[in-house]
Amino acid sequence: MAKSKAFFKAALIAAALFVFSGTAQAKVVVKVRPPAVKVTVVKTKSPYKNGVWVTGRWHWNGRKHVWVKGYWKKPRYGHVWVAGHWAKRRSGW
């Protein structure tokens, strides 16, 4: 009985760690400097009331930087959009 309680407790802790580990932001370190940000002009009107423009960005696909175009996003109550960035570190970008 004591072994099954200990196993259940360990399984519960492992499940909680698995669930909550997804809430942390992943940090990627890349040795290749990202290209300069592309200047884009937003010519379209937001398709959403109070829509948020998410700017284009360089994304590392595991081999090279690829440009991801900007897009409109529906606003979410209580959320604030913050642009991502590449920061120079000793180990890379």
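Predicted, not measured: the structure shown is a model, and the values here were computed from it. (Residues numbered from 1 in each chain as written. Predicted model: local features only at pLDDT ≥ 70, side-chain atom pairs only at ≥ 80, totals over all residues. Heavy atoms only, no water.)

Asks: Describe the overall build of the chain, and please don't skip the residues or the numbers.
Replies: Looking only at helices and strands, one finds one helix and four strands in the chain. Counting from the amino terminus, the chain carries its helices and strands in the arrangement α-β-β-β-β. Every one of the 93 residues in the chain was classed for burial, and the buried ones make up 11%. For the chain, the proportion of contacts with a sequence separation of at least 24, taken over those separated by at least 6, is 56%. (Helix = DSSP H or I, 4+ residues; strand = E, 2+ residues; numbered from the N terminus. Buried < 20%, exposed > 50% of the residue type's maximum accessible area, 1.4 Å probe, protein only. Contact = heavy atoms within 4.5 Å.)

Asks: So what's going on with the packing of aromatic side chains? Which residues, and what values?
Replies: Scanning the entire structure with this criterion turns up two aromatic pairs. Each ring, one from Trp53 and one from Trp72, has its centre 5.3 Å from the other, and the planes form 70°; the classification is edge-to-face. Taken together, the residues span a long stretch of sequence, with Trp53 in strand β1 (residues 52-54) and Trp72 in strand β4 (residues 71-73) at a distance of 19 residues. Trp53 sits in the partly exposed class, given a relative accessible area of 24%. Look at Trp58 and Trp67: their rings are 5.2 Å apart centre to centre, the planes differ by 70°, and that puts the pair in the edge-to-face class. (Phe/Tyr/Trp six-rings, centres within 6.5 Å; stacked < 30°, edge-to-face > 60°.)

Asks: Can you explain the layout of surface pockets? Please cite residues and give values.
Replies: Unfilled space is identified by rolling a water-sized probe across the atoms. Taken as a whole, the second largest pocket encloses approximately 240 Å³ of empty space. Looking at the second largest pocket, the residues that line it are Val52, Val54, Tyr71, Lys73, Lys74, Pro75, Arg76, His79, Val80 and Trp81. Going through the elements one at a time, β1 and β4 are the ones with two or more residues in the lining of the second largest pocket. Broken down by class, the residue content of the lining of the second largest pocket amounts to six nonpolar, one polar and three charged. (1 Å grid on protein atoms, 1.4 Å probe; cavity = no way out; pocket = protein on both sides within 12 Å on 5 of 7 lines; lining within 4 Å. Points joined across faces, edges and corners; volume = space filled by probe spheres on them. Nonpolar A, V, L, I, M, F, W, Y, C, P; charged D, E, K, R; others polar.)

Asks: An account of the confidence of the model for the chain is requested, with residue identities and associated values reported.
Replies: Per-residue confidence for the chain gives a mean pLDDT of 77; residues scoring 70 or more make up 72%. Within the chain, the element-level pLDDT minimum falls on helix α1 (residues 2-21), averaging 48, and the maximum on strand β3 (residues 65-68), averaging 94. Of the regions scoring below 50 in pLDDT, residues 14-24 engages in zero contacts with residues more than four places distant in sequence or in other chains. (pLDDT = per-residue confidence, 0-100.)

Asks: Describe in detail the side chain of His65, supporting the description with residues and values.
Replies: With respect to the helices and strands, the residue His65 is situated in strand β3. Among the residues examined, His65 registers a relative accessible area of 12% and is labelled buried. The contacts of His65, once residues within four sequence positions are left out, are Val30, Val32, Arg33, Pro34, Pro35, Trp58, His59, Trp60 and Trp86.

Asks: How would you summarise unusual backbone geometry if you had to cite specific residues and measurements?
Replies: With a phi close to 60°, Asn50 is a non-glycine residue in the positive phi region. Residue position: Asn50 is located in the loop between α1 and β1. Residue Asn50 is classed as exposed on the basis of its relative accessible area of 60%.

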